[in-house]
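A closer look at the structure
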Amino acid sequence: MAAITENYSLGLQVQLDKIDSELKKLWAESQGAMTRASLVNLAVYSEVPGSLEKNTQLIAKIAENHACRAIVIEADCKAKANRVEAWISAHCHVSRTGSQQICSDQISFLLEGPCTSLLPSIVFSHLDSEPMDPQLWAWVDRVIYDSQRWKDFPEQMRLVESARKEAKQRIVLCDLNWTRLDKTRSALAQFFDHPTSHHHFAKMKNARIDFAPGFRSTAVLFAGWLAAQLHWNAEKTTRNGALQFVDSSGHKIDIELRERNGEPIGQIALNSREVEFVVARAKCGDLLEVSRGKPGEKRTPQLMPAGSNDPVSLMSEELMRGGPHYVYLHALNCVRELL
Amino acid sequence: MNRTADQPEANPLREGLSTRAVPQPCSIVIFGATGDLTHRKLIPALYNLAADGDLPPAVAIIGFARREKNDEQFRAELEEATRKFSRQAVRDEIWKTFAQSIFYHQSEFGDEAGYKTLAKRLDKIDKERGTRGNRLFYFAAAPDQFESILKHLKAAGLNETCKGSWARVIVEKPFGTDLASARELNRIVRSSFAEDQTYRIDHFLGKETAQNILVLRFANAIFAPLWNTHYIDHVQITAAETLGVEGRAGFYERAGALRDMVQNHLLQLLCLVAMEPPMDLSADSIRDEKVKIVRSLRRFAQSEVATNVVRGQYAEGAINGKPVIGYRQEPNVKPDSETETFVALRLFIDDWRWADVPIYMRVGKRLPKSATEISIHFKKAPAVLFNKDLRDQNVLVIRIQPDEGIALRIHAKVPGASFRVEPVKMDFHYGTSFGKASPEAYERLLLDAMSGDATLFARRDEVEEAWAFIDVIEHAWAAKKGAPGLFFYPAGSWGPEEADDLLARDGHAWRRL
């Protein structure tokens, strides 16, 4: 039982060719006390040194809500010498009914040097279903990434999109930078649920988005979403940090982006010619305060969930969803050149 | 169930954010606002919706009841109840905002003036809070108050709305006590609200696993060819509880297990299991198919009731090792009460799909464990080869509560040189596979009513057809001569032996839970 872990160690180190047999042994030992569950193969790849431990921590938390077979890889392609090490472990938690330990298993790999080219074969042979296919992409249904961290957005996006095109099946692109906006988008969208609010769409004048340092791309994606859904076209030039759009009637809409310390998106104010729609972080931090009103008018703010910016919450949110993310792709296309 | 409900013009900013109909701003008026249902279920459900961000900000909740109190007192009472009964812990800042949308309206149910002031108050709330003239009236009061409430709502013009707004009424069970009273109740409701404004709530349909029956059947092609008389031997539906009447003796003495559980919950579950695929997921398509099942239930002649229905009443016994008194010894129960606390039925659906497939149902109080499940028992494989001595069938079990999930029993070879075959179980648990907790049934149903989606609510014809079926049994039990007997069972047992005999005659046995 040494490999059953709660403290985020990598578990039991095993030889590469003994992974399957060691996993079987692990589950045989725990039979009765634990139930193994797996709904998805979740492969995590990183080239950041020391990422194995950090990503193991994330997987341990994600597995509480999303039973999976996790394959966590840390690769150093630049190392000169070959090194391949593997570990197996299980992440267990008590089920909601409180009667059983539910466990997901994890296989961790540390790859260094030229052997990193073996990555596809290593991943294939440990997927929790019947393999094999020579192309890694053929086994991927969803690629999850966080574009907020990208230094060169166009180049990174080109890589992701070309991989997507190479695959024969549908691959859904899941950007955690987009997931990060879910609650804020919902909070703004609810202002317009009633058809009598729709006339404001044609009267939009300007908007202001406050974002935290490092989250400009998140704010631009939000602007892209508004533009895509409301049929605005992006002007290529920006003036004083503002993004400029033109609606279908030729009216200009300025979106001011302001860097402010705080949450990734601190506040959004969308102004039609009559009413201001505001979504802002509440003082308590994990709620959104939403209000609408004419300038100077007394408002009745309401609270809505704000979601969380931590990777586990974002991943959990993303794994709960399905679908092709067309809205994301439309938003992205609207502001691609501004990112 | 999806966006086919009467949704207004689509909001482009909602695209991709929600696959369900969006609830609309409205005022929710609860009649019987000081009662148990409001405190234990309705307000906690609305709070949870608010905390999850599913409630539109422009919602007002108006409690209508007789007792003297003001908004602040009412809010304080509801806060205490919500802290006790809510699925998730109450957060002060969310409650504070949520509580601002709660109001108390004091009036007798029969006082005309109270409804006139209610109308004025709702207009004011519309202006102040943006509830847009939409009204949802929730009848959490006793059924004998419905007529008075409806009459006065109509007189105050509250059943009608201006263009672009809506008024809906949610009616809690029981929807009558027999066919005649159900028809009368429906007539009364219809005199003020049209059928498409009327939402008859059956909280069993709000349960995630009940809704999953449709997904299991119609999203998995493997079951479709097997789901009929050619492959299914019989079906069992069990709703067992360890509890006794728990202070509801006054109600239970008049109702009994048949009216309390079978007429609504169990027949609704049967409909979901037995219905044909609907044309689409709209409310009426689904309900059209459900009502066909109730209509196809073979009606018993009075003389057939005794051979197809067993009624029982718990006597003293023990639950989990703790001695408990018998039903007749419960407070407020007549010492010679004939009320059934257990009922077992053998039914047939006379349609092409289910011809000659017995459906066994049982429901009871003070049974050894609390569990609701549906089991589909498939016919045995041909008795040749290694199947010669097989006693077991393939069984598909749908667990409604607790430990929601689905299990399939199949046969497998025992490892070894011989061909020994034993049953094994493939088991899916919601709690294991999905980390996210299911919302409470009332949350889902309130949201649906605000969205105008009536799929999970019973339609008038479903209710009346169900009563028509139940009435035959009730009449046979009430007959002075030749009435089927009432059988006693010790608390903590699985009901009277006669319930076992009901299945044994067909060569079947109740599934062990």
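Residues numbered from 1 in each chain as written. Chains lettered and ligands numbered in written order. Predicted model: local features only at pLDDT ≥ 70, side-chain atom pairs only at ≥ 80, totals over all residues.

Quick look at the overall build of chain B now. If you tally the helices and strands in chain B, you get 14 helices and 18 strands. Relative to the 2.2 N^0.38 estimate, which gives 24 Å for 513 residues, the radius of gyration of chain B is 24 Å and therefore close to what a compact globule would have. In terms of overall dimensions, chain B has C-alpha extents of about 80 × 55 × 45 Å along its principal axes. Looking at chain B as a whole, 45% of its 513 residues are labelled buried. The contacts of chain B with a sequence gap of at least 6 include a subset with a gap of at least 24, amounting to 78%. (Helix = DSSP H or I, 4+ residues; strand = E, 2+ residues; numbered from the N terminus. Rg over C-alpha atoms; globule rule 2.2 N^0.38 Å. Buried ≥ 20, exposed ≤ 12 C-beta atoms within 10 Å, placed from the backbone. Contact = placed C-beta atoms within 7 Å.)

Attention now goes to the overall build of chain A. For chain A, the count of helices and strands is 9 helices and 17 strands. Burial status across chain A gives 37% buried among its 339 residues. Here the analysis covers contacts within chain A between residues at least 6 apart in sequence; of these, 67% occur between residues at least 24 apart.

Bringing the sheet that holds strand 10 (residues 204-211) of chain A into the picture now. Residues and elements named next belong to chain A. Read from one edge of the open sheet, 8 strands run 11-12-13-10-14-15-16-17, paired in mixed fashion. Since the sheet does not close on itself, it has two edges, and those belong to strand 11 (233-234) and strand 17 (302-305), each with one partner. Bridging between strand 14 (residues 265-272) and strand 15 (residues 276-281) involves 5 bridges; their strand directions are antiparallel. Looking at strand 15, one finds that Gln-267 is bridged to Ala-280. (Pairing = 2+ DSSP bridges.)

It is worth spelling out the packing of helix 5 (residues 146-155) of chain B against helix 6 (residues 179-190) of chain B at this point. Residue and element names in this part refer to chain B. Two elements in contact, helix 5 and helix 6, have axes separated by 9 Å at closest approach and are oriented at 15°. In terms of their interaxial angle, helix 5 and helix 6 are classed as roughly parallel. Relative to helix 6, helix 5 is oriented so that their crossing is left-handed. Residues Phe-146, Glu-147 and Leu-150 of helix 5 form the contact with helix 6, whose own contacting residues are Leu-185, Ile-188 and Val-189. Broken down by class, the residue content of the contact of helix 5 with helix 6 amounts to 5 nonpolar, no polar and 1 charged. (Axes fitted to C-alpha atoms, helices over the stretch in contact; angles between N-to-C directions. Parallel < 35°, antiparallel > 145°, perpendicular 65-115°, else oblique. Left-handed = near helix turned anticlockwise from the far one by under 90°. Nonpolar A, V, L, I, M, F, W, Y, C, P; charged D, E, K, R; others polar.)

A word on the environment of Glu93(B). Within the secondary structure layout, Glu93(B) lies in helix 3 (residues 92-99). Excluding residues that lie within four positions of it along the chain, Glu93(B) makes contacts with Ala282(A), Cys284(A), Leu287(A) and Leu303(A).

Counting residues at the interface gives 36 residues for chain A and 29 residues for chain B. The element contributing the most residues to the side of chain A that touches chain B is helix 6 (residues 182-189) of chain A, with 5 residues. Residue composition of the side of chain A that touches chain B, grouped by class: 19 nonpolar, 12 polar and 5 charged.

Moving on to the nonpolar core. Formed by 182 residues in total, the largest nonpolar core has its most connected members in Phe31(B), Tyr138(B) and Phe139(B). Top element by residues in this core is helix 8 (residues 249-274) of chain B. It accounts for 12 residues. Once residues within four sequence positions are removed from consideration, Tyr138(B) is found in contact with Ile28(B), Val29(B), Ile30(B), Phe31(B), Leu42(B) and Ile170(B). Among the nonpolar cores identified, the runner-up in size contains 33 residues, and Ala63(A), Ala67(A), Val72(A) and Cys92(A) belong to it. (Core = buried A, V, L, I, M, F, W, Y, C linked by C-beta atoms within 7 Å.)

Let us look at helix 6 of chain A. Residue and element names in this part refer to chain A. In terms of burial, helix 6 is largely enclosed, as 7 of its 8 residues are buried. All of the buried residues in helix 6 are Lys-183, Thr-184, Arg-185, Ser-186, Ala-187, Leu-188 and Ala-189. Where helix 6 is buried, its residues touch helix 7 (216-229), strand 14, strand 15, strand 16 (287-293) and strand 17.

Another point: the sheet that holds strand 6 (residues 198-201) of chain B. All names here are of chain B. Spatially, 7 strands are ordered 3-2-1-4-5-6-17 in an open sheet, and the strand pairing comes out mixed. Either end of the sheet is taken by a strand with one partner, and the two such strands are strand 3 (102-106) and strand 17 (457-458). In this structure, strand 5 (residues 167-171) lies alongside strand 6, joined through 3 bridges in parallel fashion. Residue pairing in the sheet places Val-169 in a bridge with Thr-198 of strand 6. Contacts from helix 2 (residues 71-85) reach strand 2 (59-65) and strand 3 within the one sheet, and its direction differs from that of strand 3 by about 120°.

Here the focus is the domain arrangement of chain B. All names here are of chain B. As assigned here, chain B comprises domain 1 (12-201) and domain 2 (205-379 + 454-504). Taking only C-alpha atoms, the centre of domain 1 and the centre of domain 2 are 31 Å apart. Across the boundary between the two partners, domain 1 contributes 14 residues, which contact 13 residues of domain 2. Ranked by the residues each element gives to the side of domain 1 that touches domain 2, the list is headed by helix 6, at 4 residues. (Domains from an automatic or database assignment.)

Take the pairing of strand 13 (residues 252-259) of chain A next. Residues and elements named next belong to chain A. Alignment of strand 10 against strand 13, held across 6 bridges, turns out to be parallel. Residue pairing for strand 13: Arg-208 is matched across the bridge by Glu-256. Pairing analysis gives 5 bridges linking strand 12 (residues 242-246) to strand 13, with the strands arranged antiparallel. Looking across to strand 13, one finds that Leu-243 is bridged to Ile-255. Taking the residues between adjacent antiparallel strands as the criterion, strand 12 and strand 13 are bridged by 5 residues, where Gly-250 takes a positive phi near 90°.

With that settled, the discussion passes to the confidence of the model for chain B. In the predicted model, chain B carries a mean pLDDT of 89, and 95% of its residues have values of at least 70. Both scores are available for the predicted complex, with the pTM at 0.81 and the ipTM at 0.82. (pLDDT = per-residue confidence, 0-100.)

All names here are of chain B. Where strand 13 (residues 371-378) meets strand 14 (residues 395-401), 6 bridges bridge the pair, whose relative direction is antiparallel. Bridged to Ile-376 within strand 14 is Leu-396. Where strand 14 and strand 15 (residues 405-413) come together, 5 bridges link them in antiparallel fashion. Across the sheet, residue Val-395 finds its bridge partner in strand 15, namely Arg-409. The hairpin formed by strand 14 and strand 15 contains 3 residues between the paired strands, and Asp-403 there has a positive phi angle of roughly 50°.

What follows concerns unusual backbone geometry. If a residue is not glycine, its phi is most likely negative; likewise, a peptide bond is most likely trans. Residue and element names in this part refer to chain B. Each neighbour pair has its own omega, and for Lys-173 with Pro-174 the value is 5°, a cis peptide bond. Considering the arrangement of structural elements, one finds Pro-174 in the loop between strand 5 and helix 6. Put simply, Gln-401 and Pro-402 share a cis peptide bond, and its omega is -15°. Here Pro-402 shows up in the loop between strand 14 and strand 15. A positive phi angle, near 65°, is found at Asn-332, a position not held by glycine. With respect to the secondary-structure elements, Asn-332 resides in the loop between strand 10 (322-324) and strand 11 (342-347).

With that settled, the discussion passes to the environment of Trp95(B). Residues and elements named next belong to chain B. With respect to the helices and strands, Trp-95 occurs in helix 3. Exposure remark for Trp-95: the 20 C-beta atoms within 10 Å place this residue in the buried category. Note: C-alpha distance between Trp-95 and Ile-201 (106 residues apart in sequence) is 26 Å. Residues within four places of Trp-95 in sequence aside, it is in contact with Glu-79 and Val-90.

A few words now on the confidence of the model for chain A. All names here are of chain A. With 88% of its residues at a pLDDT of 70 or more, chain A has an overall mean of 84. Between residues 1-6, whose pLDDT stays under 50, and residues either more than four places distant or in other chains, the model counts 15 contacts. In this model, residues 130-134 is a region of pLDDT below 50 whose contacts with residues beyond four sequence positions or in other chains number 5 contacts.

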